[in-house]
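Fold and geometry: a report
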Amino acid sequence: MKSTIVASDGFLREHERLTRRFFMQSGLTGAALLSMTPTTALSGQEGAGSPKPPVEPGKAGARPDPYLTPAGEFRDVSRGTPLPHSLPDDKKQAVGMTRESWSLEVISDPDNPAKIDQPLSKANGTALNFDGLLKLAETNLVRFLKVMSCLNLGCPLGMGLWEGVPLRDVIWLTKPRENVRRIFYYGYHNDDPKQIFRSSLPIGRVLEDPPGIPPVILCYKLNGEWLDSKRGGPVRLVVPEAYGFKSIKWLSHVVLTNLPHANDTYAEQNNDVDSPMKTFAATLVIPRFAKSGEVIAVSGYAQVGVSGLSNVQVSISPSDAEPAEDDPWMTKLPWIDAEMLPAPDTWHGLNEGRMPADTFGFDAAGTPQSWPMLLTNAHWAIVLPGVPAGEYTIRCRSIDRNGIAQPLPRPFRKSGHSAIEAVGISVAD
Ligand SMILES: Nc1nc2c(c(=O)[nH]1)N[C@H]1C(S)=C(S)[C@@H](COP(=O)(O)O)O[C@H]1N2
Ligand SMILES: [Mo]
């Protein structure tokens, strides 16, 4: 039942820094901290990878510890042969994958036409170019934190500060009149229809934002830098509350359609394409061995989905007393509240470590208005009481802002990961 735990090195470093403070306050000594082994598999394969060596407390905090994932450290799940971001520069220039050559067409769907008066098209010479996009940003720039998470993986791909222009500003430029029920959109796909990777949204979601959720954006910056080719640059769509497949890279076309249903490429692979991000907890640092009667320090992160995060709970129970069959959601385990750790005080990777002004959910001083913040990662830690010798299983779960414990309220795999993670620990005298 052990789920995937994959994190970037940077993510672990930040985690070490946050948890060290907590464990020191809890009276844990350096030796106890030294015995902790991150469970993180860094190979990118489900359940694979060798455990990392123990954390050296002396080193934690000695170097920059990014909470934000540097662009190059995101996990990459892009499709395409060749991968569009691996094309040579002159080819990128020729196909519109550079800031100089990029343009976006916003047109009506010929099969299910939406009535729009002024399509943005290459044929009319009205397609939006990069300068035009930056012009829109002068009056309506949007920045928000979001964890990029793949519906089909058990662990986030990276945490970013995404910056761009609301997609609706560009939709309005086309003067839509009627019969607009959805949009679908895609990016450069080697001019091979078989390689197209398309996603879609109801027009209502583009025009209006649910409370506490930022707009859908045409994104051109990540962590304050131009969005690089690997992350979908020069321009990708970013849908804040959605799994990664809605955030199309190398964006080239937005189509307004009267089609009433989703036509995402991801739907063809048996995915629930209307599923916003779920809340779940996972461990990052957990001992595989412990001494009987001695406390056990465990820490991890939680992805904060659309229902928010109230807290994280951890259980330790004998491995031979597995959860009963009539308790599939494991509600009867001895759950103990963990401590949610504060937001980073320095945003390593951003200019001067500061969150820029006008970032969604932050005040003018660059402090988050609430934490944990929706659609980001939060860190937690706990010191479990000692137990007698034996084999144990440690589990963790999130409790969302509605008070609902993981894996509920949406336990099905094809709507995103939410299975409760289980890690074994041997306790000896
Ligand atoms: N054009 C294009 N956009 C794409 C994809 C793709 O294959 N092609 N993959 C999607 C999926 S499934 C995910 S999870 C995210 C991953 O974003 P990242 O590579 O920035 O982490 O990109 C999405 N956007
Ligand atoms: Mo994905």
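Everything discussed here concerns the structure shown above.
A few points on the structure. Starting from 1, residues in each chain are numbered consecutively following that chain's sequence as written. Chain labels run from A onward and ligand labels from 1 onward, assigned in the order the entries are written. Totals for whole chains, interfaces and linings use all residues, but because this is a predicted model, local features are given only for residues with pLDDT of at least 70 and pairs of side-chain atoms are given and counted only at 80 or more. Computation of side-chain values covers all heavy atoms of the structure but excludes hydrogens and water.

**Describing the overall build of the protein**
Each helix and strand counted, the protein has six helices and 21 strands in total. Only protein chains enter the calculation, and the probe is 1.4 Å; a residue is then buried if its accessible area is under 20% of its type maximum, exposed if over 50%, and partly exposed in between. The burial tally for the protein puts 55% of its 429 residues in the buried class. Residues count as neighbours in contact if any of their non-hydrogen atoms are within 4.5 Å of one another. Long-range contacts, defined as pairs at least 24 residues apart, comprise 74% of the intrachain contacts of the protein with a sequence gap of at least 6. Looking at the protein as shown, the accessible area adds up to about 18,100 Å², and 52% of this sits on carbon and sulfur atoms. Comment: elements are numbered from the N terminus, with helices defined as DSSP H or I runs of at least four residues and strands as E runs of at least two. Every accessible area reported is derived by Shrake-Rupley at a probe size of 1.4 Å, with residue values counting cover from the shown protein chains alone.

**So, the pattern of salt bridges**
Salt bridges are defined as contacts in which a side-chain nitrogen from Lys or Arg sits within 4 Å of a carboxyl oxygen from Asp or Glu. Applying the stated criterion across every chain yields a total of 12 salt bridges. Where Lys 332 meets Asp 326, a salt bridge forms, and the shortest distance between an N and an O atom there is 3.7 Å. Sharing partners across several salt bridges, the network here consists of Arg 168, Arg 205, Asp 209 and Glu 241.

**Some points on the nonpolar core**
Residue types Ala, Val, Leu, Ile, Met, Phe, Trp, Tyr and Cys, when buried and joined through side-chain atoms within 4.5 Å, form a set referred to as a nonpolar core. One finds Trp 162 and Ile 183 to be the most contacted residues of the largest nonpolar core, which totals 65 residues. Counting residues in hydrophobic clusters, the runner-up holds 24 residues, among them Val 298, Val 304, Val 387 and Val 427.

**Section: unusual backbone geometry**
Note the cis peptide between Thr 81 and Pro 82, where omega equals -5°. By secondary structure assignment, the location of Pro 82 is in the loop between α2 (30–34) and α3 (89–95). Note that the residue after Gln 406, namely Pro 407, is joined by a cis bond; omega there is 5°. The residue Pro 407 is located in the loop between β20 (390–399) and β21 (421–428) in this model. With phi around 55°, Asn 179 is a residue other than glycine that occupies positive phi space. With respect to the helices and strands, Asn 179 occurs in the loop between β6 (176–178) and β7 (182–187). Positive phi values are uncommon outside glycine, yet Asn 270 reaches one of about 60°. Mapped onto the elements, Asn 270 comes out in the loop between β12 (251–257) and β13 (280–285). Take Asn 270: its relative accessible area is 57%, and that puts it in the exposed class.

**Observations concerning the site of ligand 1**
Around ligand 1 there are 19 residues in total, and Arg 79, Arg 231, Arg 236, Ser 247 and Lys 249 lie nearest to it. Contact distances for ligand 1 include 3.2 Å between an oxygen atom and a backbone N or O atom of Arg 75. Within 3.5 Å is the distance limit for a polar contact, defined as a pair of N or O atoms, with the added protein rule that one can donate a hydrogen and the other accept it, and that residues adjacent in sequence qualify only through two side-chain atoms. Arg 231 places a side-chain nitrogen or oxygen 2.8 Å from an oxygen atom of ligand 1. Across the complex, the protein chains shield 98% of the 530 Å² of accessible surface that ligand 1 would expose by itself. Considered class by class, the residues forming the shell around ligand 1 number 10 nonpolar, three polar and six charged. What makes a residue near a molecule or strand is one non-hydrogen atom of that residue sitting within 4 Å of it. Residues are grouped as follows: Ala, Val, Leu, Ile, Met, Phe, Trp, Tyr, Cys and Pro are nonpolar; Asp, Glu, Lys and Arg are charged; all remaining types, including Gly, are polar.

**Quick look at the packing of aromatic side chains**
To describe a pair of aromatic rings, one takes the distance between the centres and the angle between the planes. Aromatic pairing here means that ring centres of Phe, Tyr or Trp (its six-membered ring) are within 6.5 Å. Orientation follows from the plane angle: under 30 degrees is stacked, over 60 is edge-to-face, and everything else is tilted. This structure, assessed with the given rule, holds 13 aromatic pairs. Consider the rings of Phe 130 and Tyr 220, whose centres lie 6.1 Å apart with planes at 80°: the pair is edge-to-face. You can see Phe 130 sitting in helix α4 (residues 130–139) and its partner Tyr 220 sitting in strand β9 (residues 217–222), a full 90 residues away along the chain. Just as Phe 130 is buried, Tyr 220 falls in that class too. Ring geometry for Phe 197 against Tyr 266: centres 5.7 Å apart, planes inclined by 80°, an arrangement best described as edge-to-face. Of this pair, Phe 197 sits in the loop between β7 and β8 (198–202) while Tyr 266 sits in the loop between β12 and β13, and the two are 69 residues apart along the sequence. The class of Phe 197 is buried, set by a relative accessible area of 18%. Taken together, the aromatic side chains of Tyr 67, Trp 347, Phe 362 and Trp 371 make up a single cluster linked through ring pairs. Put simply, a charge is over a ring when the Lys NZ or the Arg CZ is close to the ring centre, within 6 Å, and near the line of the ring normal, within 35 degrees. Lys 221 extends its terminal NZ or CZ atom over the ring of Trp 226, reaching a point 5.0 Å from the ring centre.

**Quick look at the side chain of Ser 121**
Counting through the fold element by element, Ser 121 comes out in the loop between β2 (115–116) and β3 (128–129). Among all residues touching Ser 121, those that are not within four sequence positions of it are Glu 105, Ile 107, Thr 126 and Ala 127.

**Notes on the pairing of strand β1 (residues 103–108)**
At least two bridges found by DSSP between two strands are what make those strands a pair. Looking at chain direction, β1 and β3 are connected through two bridges and run antiparallel. Bridge pairing links Ser 103 to Asn 129 in β3. Where β1 lies against β12, four bridges are found, and the strand directions are parallel. Along β12, the bridge assignment pairs Ile 107 with Val 255.

**Thoughts on the sheet that holds β3**
Strand order in the open sheet made by the five strands is β3-β1-β12-β7-β8, with mixed pairing throughout. Of all strands in the sheet, those with a lone pairing partner are β3 and β8, marking the two edges. Where β7 meets β12, six bridges bridge the pair, whose relative direction is antiparallel. Opposite Ile 183, over in β12, you have Leu 256 as the bridge partner.

**Focus on α4**
Spacing of three or four residues puts side chains on the same side of an α-helix, whose turn is 3.6 residues. Among all positions in α4, only Phe 130, Leu 133, Leu 136 and Ala 137 are buried. Angularly, the buried residues of α4 cover 115° about the axis, an arc narrow enough to put them on a single face. Opposite its buried face, α4 presents the exposed residues Asp 131, Lys 135, Glu 138 and Thr 139, each directed more than 90 degrees away. Buried-residue contacts for α4 involve β3, β5 (158–166), α5 (167–173), β9 and β10 (225–226). The arc in question is the one traced by the directions running from the helix axis out to the C-beta atoms.

The values reported here are purely geometric and, on their own, carry no functional implication.
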